[in-house]
Every structure is written in C-alpha cells, then in structure tokens.
4 protein chains.
Amino acid sequence: MTGEDRPVYPTALGASSLESITLLGTDLARDVMGQVGFGELAFWLATQRRPSRGETRVFEAVLAALADHGFTPTAIVTRLTWLSAPDSVQGALAAGLLGGGSRFLGVTEDCGRFLHDVLTSVEGGLPTDDAGWDALALETVTAQRAARRFVPGLGHHVHKQGDPRTPRLFQIAAEEGLSGPHLSLFAAIGRAHPQVLGRTLPLNGAGVCGAALADLGLPLELLRGFALLARTAGLIGQLAEELRHPVADEVFLSVDLNNRSVAPDPYVPDPLPAPDPAP
Amino acid sequence: MTGEDRPVYPTALGASSLESITLLGTDLARDVMGQVGFGELAFWLATQRRPSRGETRVFEAVLAALADHGFTPTAIVTRLTWLSAPDSVQGALAAGLLGGGSRFLGVTEDCGRFLHDVLTSVEGGLPTDDAGWDALALETVTAQRAARRFVPGLGHHVHKQGDPRTPRLFQIAAEEGLSGPHLSLFAAIGRAHPQVLGRTLPLNGAGVCGAALADLGLPLELLRGFALLARTAGLIGQLAEELRHPVADEVFLSVDLNNRSVAPDPYVPDPLPAPDPAP
Amino acid sequence: MTGEDRPVYPTALGASSLESITLLGTDLARDVMGQVGFGELAFWLATQRRPSRGETRVFEAVLAALADHGFTPTAIVTRLTWLSAPDSVQGALAAGLLGGGSRFLGVTEDCGRFLHDVLTSVEGGLPTDDAGWDALALETVTAQRAARRFVPGLGHHVHKQGDPRTPRLFQIAAEEGLSGPHLSLFAAIGRAHPQVLGRTLPLNGAGVCGAALADLGLPLELLRGFALLARTAGLIGQLAEELRHPVADEVFLSVDLNNRSVAPDPYVPDPLPAPDPAP
Amino acid sequence: MTGEDRPVYPTALGASSLESITLLGTDLARDVMGQVGFGELAFWLATQRRPSRGETRVFEAVLAALADHGFTPTAIVTRLTWLSAPDSVQGALAAGLLGGGSRFLGVTEDCGRFLHDVLTSVEGGLPTDDAGWDALALETVTAQRAARRFVPGLGHHVHKQGDPRTPRLFQIAAEEGLSGPHLSLFAAIGRAHPQVLGRTLPLNGAGVCGAALADLGLPLELLRGFALLARTAGLIGQLAEELRHPVADEVFLSVDLNNRSVAPDPYVPDPLPAPDPAP
C-alpha cells in the first residue's frame, strides 16, 4: 500500500510506456526480439535470469521430449473440443491442458519434487561418487517400498526395455556440464532398484525430464508448467493436423454409435458403522 | 468388447432413437420436462435415483448457499475473461470454475470427506445421543490438533460469530428428517472444539454444506462438483450483471495502472547439502 | 470512483457482513435457503427478478431438455480429462464446458437471437394470428434461403421426423401462459419452411429452447450460458457414472491403439496471385 | 474405416513402439532432442515441415513480442485462479489462456486473416513496388472505412506514436529475406491510412505479428494459437513471480473490500414491436 492506501503491484515482467516496451528489464524490441530464442525466453521468464547456452539446450531438449505423445487424452480432448466449438481455439487448447494433471503430465513434476525432497533430507552431505549415489538410491527405493509408494519416474507401459529419451537426456546434460544431483540420484535409482523391487523397470522420459529441470534450478512448484508449455506446442500441432486430416468426428461417432443404453444403477454410498445404542 | 472386438460403451444417461429421447431410463419429453425441477434433476443425474421431495429441498438449500459469494476470485476471473474474450461465454464460465479448487470452493468436499473418514473408522458403532457425538468430536478435534491439521469447516474470515447459513441448513435438514451422522458429527465438533482449541470458531457454511451433501448419500468424490454446479449459476449472474453494469475494465485498469516496474529478482532454488567427499 | 479516486465496485449479488449474508437484496439463510429452488435461483441471479412459478417451470423444462445428450463430445471430453487429471474435478467440468460453442450447444443461443432479430425488425407491429405468423415465417425463411444461410433450430441429424422435446416445450409454455412471440414465430417457421425449402425439417429441441428462453425475457447474450448450466449438471452425471462404470480409458485406447503413423504432409498455404510487374 | 469396419486414426505426430519414439517421422531422442530449438519445433509441429534458420528467427521474434504484456486480464486471471486453486497449475494456465479471444490476443489472427483476404482477392497480380502497394492499401482502407469497419492492426492505446515492436519485426523479416506480401501490404497501410482516416495511427505489434506469421506460411486458422503459445510462456512467468512476490490476494481484496452492495436492477429485455391487430 502506498501512503494514499492504494495497492501497488510490483512486477519485473512486461512493462510499457509511450515509447518503449521492456521485458525483464530489457528492451523488448531491440534486445529480445530477434536475439532470444523461445525456449531461452521461457526459461528467462520463469527464473528472471537469462540462461546460458547450455542451459537452454537442456531445457529445449526437455520441451522436445514432452511436446507430443500422439493420441493421448489431452490430444483427443483438444481435437474433440475444437470439433464442438470451432470458434474458439483458446478453448480447445485450454481443454487439452486441463488433462495435464497427476496421471499424464504430472510425472515430470512429481519426479523432480521427489528427488529434491530426498536430496534436501540427506544428512552429512551429498555423495561424490557412483557408489555413494547407489547407496542413497538403495535407501530411497527401500523406503518407498516400505511405505508402499511408487518411485516417480520408474516404469513405462510401452517402453518396457528402456525409454529412448532417458539416456539421450543424460547425455545432453553431461555434454553441457549440467548433470547435477537430481540426475545423479535418478540414474542411481535406475541402477539400484532391481535389488529392492526384484525386477528391472525403465527410467521413463517424463521422470528424467523432471530431474533435468530440477538440476537446471527451475522452480519445483512449476515443473508441471513446463510440461504444459511443451504440450501447448504439441496441441497446436494436433489442431493443425486436425484442420487438414480430421479424425475428431470419427472419434466422437465411434463412441456415440457404440453406446449401449443400460438401466440406471442407483448409487449407494459406503456403509457407515451401525448406531451403537449401548455406549 | 463385443465378439467383433469393438468396444461398446454402456450408459444410463441420455440416449436417443429416431422417435424418442430417454434420460436415466425415463422419457425425457414426457416425464422429465415440466415435471422435474433442475435441482432434483441434478441429484438424479449424479446418483441415478430420483430424490425425494425432502432430499431435493436440502440439496437445493446447499446449492443456494454456495451459488454466489460476491467478488470472489472466481467471479472476478469470469468477468475479466469475458472482458478479454467476449466472444466466448463458455470460456468465461470455464475460467471461473477453474478457481474452484482447494482454497475457495474445496472446503465443502474436504469437510464431507473428513467427516466420512471419521465416521467409517469409528469402532463399536456410531453414537446415538449428543453425549456420544460430543465424545467422538472431542477425540476427532484432539487428533487433528495433535497432527497439526485444521478441522475442515471450522472458522470463517468474516462471520466470526457464526455463519448464518449453518444453523439454517441444520434446521432444514432436521425439518426433512435428513439430519444424519455427518451433520451430527459436524454439530458436535461445533460444541466440542473450544475445549481443545481454547477458542470458539464458527462452523462455516461451506463445511455444513459438505456434511449435508454427505448425509444425502451423494458421491464424496464429486462433492466439489456440486459446489461448482451452484457456482455456475452464480457466475452467469455475474456475467448478467457485468453485461449491464460492467466493472471488469476498471478492475483490470486498477491493477495495470498501479503496476510498478521493478528489477528482475533472479530465482535461486533451495540449497542442497554440500557434497561430502569423505563418506 | 470515489472522492479519494479509488474504484468502487457496485453489485446486487452476494454480499456479507459480520452477521448476515444477502443475495440479490434478500436474506440468504432465511429467505433463499429452503425456500427457492435451484432453477428459480438461477433465473433470479440472471435477471435480478424472482421468476413466477410458471416461468420457473418453463425454465427448468429447458434445462432438463439440455442437461445431457449422452456421449457428446463434451461428455467424452469431461471423462477423458478426469482420466488424465483425476485430481481436478473442476478441470474436467471446465474442459467439457469448453465444447459448448457454436456447433454443439450454440444452437439455443443462435436460435433465440435469430428470432429476436426478426421480431425487432418487423415493421407495423407483430402478427396477431397464425396467418400473420405464417406470412412472417415465410418471408423469414425465404430471406435466409436467398442469403444462403441456415435457419437456426431447423433440422436434426437423428430425430428426422420430429424432436420430441419440441412439442412438449410448446405445450408447457402454453400451459403456463408463456408462449410469446419467439415461440410463435418458431412454430410458424415449422409450418412455413417446406413451401420454401421443398422438404420438411423438424424444429429441433435446442432451437425451441432458445425461443422459450427468449420469451422468458432472459438476456440474449447469455442464452448459451443457460445451456452450459444445464450441461454442468449433465457432466456431473457423466463423472458420477464414470466413477463406477468407467469407459474413458477404453475410449482413449480405442483411439491410441488404432492410430496409424503416416508420413508428414507439409502444409502449403493458399496460393496468392502472382506478382504483376506491369501494372 | 478398415475392412473390419473399425476406425483407424492416421497421424504424422508422435508415435512410439517398444524401442523407439518418432515425432514427425523423425527419431525423437536422436534427431530432435538436443538438436531442435523449441520455437523451431513448434513451427515444425504446426506445418509438418522443418523451418529454415531464418524462418525460426522471425517466428521466435513474434513469440517474444507476444509472450507477456504485464498485468493484462489474462495475467491477472492466471494469478487469481492459482490463488483460489493452488493445487492446479494446469487450471491457472488454462484460465489465463481463455482470455485469448477477440479483444486481447485476437488481433494477431484478425490482422493476418484480413491481409490474406485482401491479397487473395487482388485481381491482375500483386504489386511489385511501393507505389503499387500504396495504391492497394489506399483502396483497402477506403473500403473498410466505407463499410464502417476497423482495419485490424491499426492503432494502440498506449504506443500512440509508434509501437516499437513494429519496425523491429519488419527489420528482422527483411534481414532474413522473409518479408512477403502480407508485411508489404501492412507497411503500405501504415503509409496510406492517414490520407483516408485523416489522422495517423501506429501499426501495432499484434498486427505486424499476424502479418509476419502469414508471410511465414503458417495456417491462418491457427494464428491465434501461436499468440497463445507465446502467452503460455508469459503466464508461467507470471506464476513464477506470484510464487515469490504474490499480488493476487491484494488484487482480490482490492475488489472485494471495495464492493458496494446495491439494490437489484431487474432486467428488462429490448422491447418488441407491439402486436398489430389489423394487418
């Protein structure tokens, strides 16, 4: 509040005056347009610091890994919404993004946060060699198993023998000198888990992306947001394809024409304990 | 799957043939239109059983309690979105509903689920008198406090001496003979909590709505959905008012004109433990 | 703005003080909860006047007619979004509503607006008998045909011999003495169009709903909003059914497993005229 | 449909098998990740052809120009929705994008489409020099004025003496040899309109972005989509700033605490002509 008791809203993002536009304290027209790539800009907007060339490369590799996975629920939803409301591209994209929750796009954030929680709770300092990381990973997977919880980033329903994105992202991060503790722990989980779980699961692409984003120092609360940014580009691709090679109407009809009308099944809530008249 | 290995999708909801339309196994035109109120229909759709007159009255009282709370974030969001995209009423309503999450509209669901969890875990049968309910409530509030968790439905930032919706909904449910275990426990929490917390908080309207919906036997997973249904009516009211007495542009300008451009503040992630070279 | 140059936002909707909550100038707890049905309240919120019993009955008949039409794109979208992001009921409902655009839910609004535009442009007063309405309808359909535009509300892809909702809504409106000029013109279009179009099309349910809402004096800009309100109840029904008898995963897989990877088809924009060097 | 009458859904986008993932016919891990920038990828997804380095630069300049404009309604909406539902980043981003309609983000698409419509209707070939473009622009602005329609892309409420993004984007497109007919016509409109309108308006940034995107050969139906992609990055920036320097609660309170409760104002629809008993 100012002296006049009016709220004032500070921001370092876009600002404009009669003659100029700044973004993050930089002259938008002169120093951003034509100079800054879109991935670089997205990183900059999220952290208010301009990333290095290597950070941008890792970040854009993550975005590429997450941009489109074919006919996911989010892609189908965007196409169906456009079919139903062709006047609103924003509605079709928004509807698709709303599927970016815990199940389909959330693994990236879950994995980054999980690794981070493990790392911050390490006592006595982080490991400095593979043996140390393996020991930490073993302890981590064992604790998850004891608590009957999944290890985020472990397992894939298609790429059962290995998700090709995972070694590639490790490689790119290493090339850029940006393989940090989150990726180290994630890799060690890949080595250590069979000993605990009794079978070998792949480290999936969504998980390694979360580890890489966490190593880049991006805000953990927004890791899902980067998956959604990547997916926005993918969903535009889905709409562009739908524009020329439509499938949404056939998807809709394949459901609607195969519906089978059944009798109502009245809902009965879970039973509660019976009253106990003699306390 | 059928013999031909095609999926078939069963549903008891809307179905139509060349000559008729059924909804929940009932002839829509003849037996629903003109015969079934909208609240009654919403209940029926959610449970696949037609509610009694009393159930409908309690349900509609809940919807009334939650329909509009003035300039909440959801109302502001709907108005601003319509300002920005006046061509899409569906976008404005959807944007408003997206604020119906854990903080502003979630209490109803949280409270209903919380009470249900307590009730299902009672051993030896539910209480049959106020003394029994008070004992259960005391135990419940004590356990929440020990776990440093809030009791959902307790407290209100405005109605510090009592939310007028709460006694009214208790009364309506009692009039209809629909005051069940969830409402009984919620009332007892209202009586018992000062003994544990050392101060008296009101039972809020969102909470009592959750208790009442749970006593009506509605699906707990969708209690938030009913709050959103109520709010949809409220948001249409907000748009109808915005149409004739607009405020969104002034809200927007009150923020935009009071922005203050500040220098970027580079994000620094939480520190991790230092590497420990000597394991 | 007040004297202190601070914006003030007037509203007649929800307001609360320490001790009371009002809605539309009425005591919410005492005079709305338990007294006002949900359809009635929605009408009141949208018009800031309490509807009569007959108005409420017609309005609720419209909402019933539009609540659920089975496996429409909006229903499929809501189910798929919940599959993908089960943590967010609000996201699933919002995604479904976003399909409420020009094609699937827009007919109600389009028809109400179209009829209204015709009526307001009539010169010399509205007709007072069927012959007069028929003449106006004939003129209207002829003009639409000449402009190669559809008549909103005419035709249905399933109910080719008549949509059962249409005569029923005419009947209910007549019973309540609420059959006004919009319904009269719509009925006349049903009688007159074969003479112009050379074939008989049914008056569809979405269209008659738009006519009835317009006759109720509801804001034309928000007619789509009422269709969305009705649909919100239907989408909750879809989620409630999905909760116990899920189909979304099978819908998703029926698309994903039947995808066929094809080569990219580079987009080529529409050609422009060639440059003309000799103007 | 196949011989077995099952639908098959062709796509050139993401596809995966047990061992590989392809995107647009390319090996995702090997040939996209680490090799393709995010702007480049978004272009590729939308057109199914890989853009040249120059095309990517122009495209990314457009995205930079549109990413964030400070406290726009979309930014406020995203922050308020996150305040209200902090559990759903996807909901906050989707809500913000829903403001990307005709008024705030639509100019880009409107301008691109408008220019394209003019160009395709030119008879006798496109101009080859400035004089030719000026003549076409003069004719275009004159026709719009006669039809009482705005010229999309002309005018700005802040940058009244020139939007700094406009000359910069012309420059970048020229540097890359990608200044095509849409940009040429848009520039000519900037020169010719004062003669018709009697005053000089700036060519705005949203408009020049639409012209540049159209010259890049991107699908006109999706130009709004690229503005939304840019804005997604901006909205993540808004959330990242809100995370550390929150303003949403104060925005909400500045409205809610300055509400003024007024009496209901019953809605009265537009009057219709009176009935005319003597036709």
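Residues numbered from 1 in each chain as written. Chains lettered and ligands numbered in written order. Predicted model: local features only at pLDDT ≥ 70, side-chain atom pairs only at ≥ 80, totals over all residues. Heavy atoms only, no water.

An unreviewed UniProt entry annotates chain A as citrate synthase (unknown stereospecificity) originating from Geodermatophilus africanus. Database annotation for chain A, UniProt heading Sequence similarities (unreviewed entry): "Belongs to the citrate synthase family." Under the UniProt heading Pathway (unreviewed entry), the note attached to chain A is "Carbohydrate metabolism; tricarboxylic acid cycle." (UniProt positions renumbered as here; feature names shortened; annotations may be inferred.)

When the parts come together, some accessible area is lost, and that loss is often what is quoted as the size of the interface. Opposite the 89 residues of chain A that make contact, chain D presents 89 residues. Our count for the contact surface shared by chain A and chain D stands at zero salt bridges. Counting the contacts that link chain A with chain D gives 24 residue pairs in polar contact (both at pLDDT 80 or more). Looking at the side of chain A that touches chain D element by element, the count peaks at 17 residues for helix α11 (residues 223-244) of chain A. (Contact = heavy atoms within 4.5 Å. Salt bridge = Lys/Arg side-chain N within 4 Å of Asp/Glu carboxyl O. Polar contact = N/O pair within 3.5 Å; in protein donor to acceptor, adjacent residues only side chain to side chain. Helix = DSSP H or I, 4+ residues; strand = E, 2+ residues; numbered from the N terminus.)

Residue and element names in this part refer to chain A. On domain assignment, one finds that chain A holds domain 1 (11-50) and domain 2 (53-253). Measuring from the centre of the C-alpha atoms in domain 1 to the corresponding centre in domain 2 gives 28 Å. Of the roughly 720 Å² buried at the junction of domain 1 and domain 2 (both faces included), carbon and sulfur atoms supply 71%. Contact with domain 2 buries area across many residues of domain 1, yet G39, F43 and A46 alone supply 54% of it, more than any other trio. Our count for the domain 1 to domain 2 interface comes out at one salt bridge. Between domain 1 and domain 2 we count three residue pairs in polar contact (both at pLDDT 80 or more) in total. The class makeup of the residues in the side of domain 1 that touches domain 2 is four nonpolar, two polar and two charged. (Domains from an automatic or database assignment. Buried area = accessible area lost by both parts, 1.4 Å probe. Nonpolar A, V, L, I, M, F, W, Y, C, P; charged D, E, K, R; others polar.)

With 157 residues, the main nonpolar core has B:I189 and C:I189 as its most contacted residues. Summarising the domain contributions, this core has at least three residues from each of domain 1 (10-50) and domain 2 (52-249) of chain B. With sequence-adjacent residues up to four places away left out, B:I189 is seen in contact with B:F114, B:L115, B:A137, B:V141, B:V151, B:L154 and B:L203. In this structure, A:V141, A:F226, D:L23 and D:W133 belong to the second largest nonpolar core, which totals 156 residues. (Core = buried A, V, L, I, M, F, W, Y, C linked by side-chain atoms within 4.5 Å. Buried < 20%, exposed > 50% of the residue type's maximum accessible area, 1.4 Å probe, protein only.)

A few words on the relation of the copies chain A and chain D. These two copies of the chain differ by a rotation about an axis and a displacement along the same axis. Between chain A and chain D, which share one sequence, the superposing operator has a rotation angle of 180° and an axial displacement of 0.0 Å; the RMSD is 0.0 Å. What the rotation and shift describe, once combined, is the action of a two-fold rotation axis. When C-alpha positions in chain A are compared against the rotation axis, the closest is assigned to A:A94, at 2.2 Å. Both copies contact each other with a shared surface, as 100% of the interface residues of chain A are interface residues in chain D too. (Least-squares fit on C-alpha atoms with pLDDT ≥ 70 in both.)

Looking now at helix α7 (residues 130-146) of chain B. Residue and element names in this part refer to chain B. Compared with an ideal rise of 1.5 Å per residue, which puts 17 residues at 24 Å, α7 spans 24 Å between its outermost C-alpha atoms and is within 8% of the ideal. Within α7, burial applies to W133, L136, A137, T140, V141 and Q144. The buried residues of α7 occupy an angular sector of 130° when the element is viewed end-on, so they sit on one face. Along α7, the residues that are exposed and aim more than 90 degrees away from the buried face are A131, E139 and A146. Where α7 is buried, its residues contact α6 (107-120) and α9 (181-197). Looking one or two residues past α7, R148 carries a phi angle of roughly 55°, positive in sign. (Expected span 1.5 Å × (residues − 1). Arc of directions from axis to C-beta.)

In this section: the environment of A:L201. Residues and elements named next belong to chain A. Tracing the sequence through the fold places L201 in the loop between α9 (181-197) and α10 (205-215). For L201 and L235, which are 34 residues apart along the polypeptide, the C-alpha to C-alpha distance reads 29 Å. Residues within four places of L201 in sequence aside, it is in contact with L154, G155 and H193.

On the chain B side, the residues contacting the 54 residues of chain A number 54 residues. For the chain A and chain B pair, buried surface summed over both sides reaches about 4,100 Å², with 59% attributable to carbon and sulfur atoms. On inspection of chain A and its partner chain B, the count reaches zero salt bridges. Our count for the contact surface shared by chain A and chain B stands at 16 residue pairs in polar contact (both at pLDDT 80 or more). Here the residues of the side of chain A that touches chain B sort into 29 nonpolar, 17 polar and eight charged. Two elements, strand β1 (residues 9-11) of chain A and strand β5 (residues 259-261) of chain B, share three bridges in a ladder whose sense is parallel. (Pairing = 2+ DSSP bridges.)

The operation relating chain A to chain B is a screw motion whose rotation component is 180°, with 0.0 Å of axial translation and a residual RMSD of 0.0 Å. Interface residue correspondence from chain A to chain B reaches 100%, placing this contact among same-surface, isologous pairings.

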